[in-house]
Amino acid sequence: MDALRAGALLVVVFGHWIATLPRFDGGLETQTEHLLKIWEPSGFITWLVQVVPLFVFVSATVSADGVAHRMAQGHRQMHWWAGRALALARPTVTYLAAITLIALLSLYTGGRVLGPFNQSLTIHLCF
């Protein structure tokens, strides 16, 4: 179940990343628009890779036993939610630190090195 959940999450993250990356033609940046706006067949592909329902179903299945176990032992839900929020905050803060360093590198180089990626660095935070 965890492999299904991890695979579904990777498909979603990399799919969004690929859809927002700049496109180059002959070494020159040609587009930074979202892939759905510039390539019509990509809309059909999104229907084929609908993994979010799978991710939610697998997550609920995996979590059900843990919730029942915690409730039977008398654990408070707020303690679990606080721990979960902290577990999600750690990688988010790490990612923010990494993209801050990337942004500083881009500023230092005048935007020549990483300028094309300026719109795609923060879109992944929703994951």
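Scroll up to find the structure.
Our subject in this report is the structure included herewith. Worth saying up front: this structure is predicted, and the values here are computed from it rather than measured.

1. What to know about the overall build of the protein chain
On a plain count of helices and strands, the protein chain comes out with five helices and two strands. Start at the N end of the protein chain and walk to the C end: the helices and strands fall as α-β-β-α-α-α-α. Among the 127 residues that make up the protein chain, the fraction classed as buried is 17%. Counted over contacts in the protein chain with a minimum sequence separation of 6, partners at least 24 positions apart contribute 56%. Approximately 9,500 Å² of the protein chain is accessible, and the part contributed by carbon and sulfur atoms is 70%.

2. With respect to the side chain of R70
In this structure, R70 sits in helix α4 (residues 52-72). Buried and unpaired, R70 has D65 as its nearest opposite-charge partner, separated by 10 Å. Those residues in contact with R70 that sit more than four places away from it in its chain are H75, Q77 and W80.

3. Overview of α4
With 21 residues, α4 ought to run about 30 Å at 1.5 Å a step, and its terminal C-alpha atoms sit 30 Å apart, in line with that. The largest bend in α4 comes to about 35 degrees, at S63. Residues of α4 that are buried include every one of V58, S59 and R70, and no others. At its buried positions, α4 is contacted by α1 (2-20) and α5 (77-108). Of the residues trailing α4, G74 is marked for its positive phi of about 85 degrees.

Cut-offs used in this document
- The written sequence of each chain sets the order in which its residues are numbered from 1.
- Confidence filtering applies because this is a predicted model: local features only for residues at pLDDT of at least 70, side-chain atom pairs given and counted only at 80 or more, and all residues used for totals across whole chains, interfaces and linings.
- Excluded from the side-chain calculation are hydrogens and water; included are all heavy atoms of the structure.
- Only DSSP runs of H or I with at least four residues qualify as helices, and only runs of E with at least two residues qualify as strands; both kinds are numbered from the N terminus onward.
- Categorising residues by exposure relies on relative accessible area from a 1.4 Å probe, with only protein chains included: less than 20% of the type maximum marks a residue as buried, more than 50% marks it as exposed, and the intermediate range marks it as partly exposed.
- Contact definition: two residues touch when any of their heavy atoms are within 4.5 Å.
- Areas reported here follow the Shrake-Rupley algorithm with a probe of radius 1.4 Å; residue values treat only the protein chains shown as occluding.
- Charge counting treats Lys and Arg as positive and Asp and Glu as negative, with His and both chain ends excluded.
- Salt bridges, as used here, are contacts in which a Lys or Arg side-chain nitrogen is within 4 Å of a carboxyl oxygen on Asp or Glu.
- In this analysis, the expected span of each helix is defined as 1.5 Å times one less than the number of residues it contains.
- To get the bend at a given residue, fit one axis to the seven residues ending there, fit another to the seven starting there, and take the angle between those axes.

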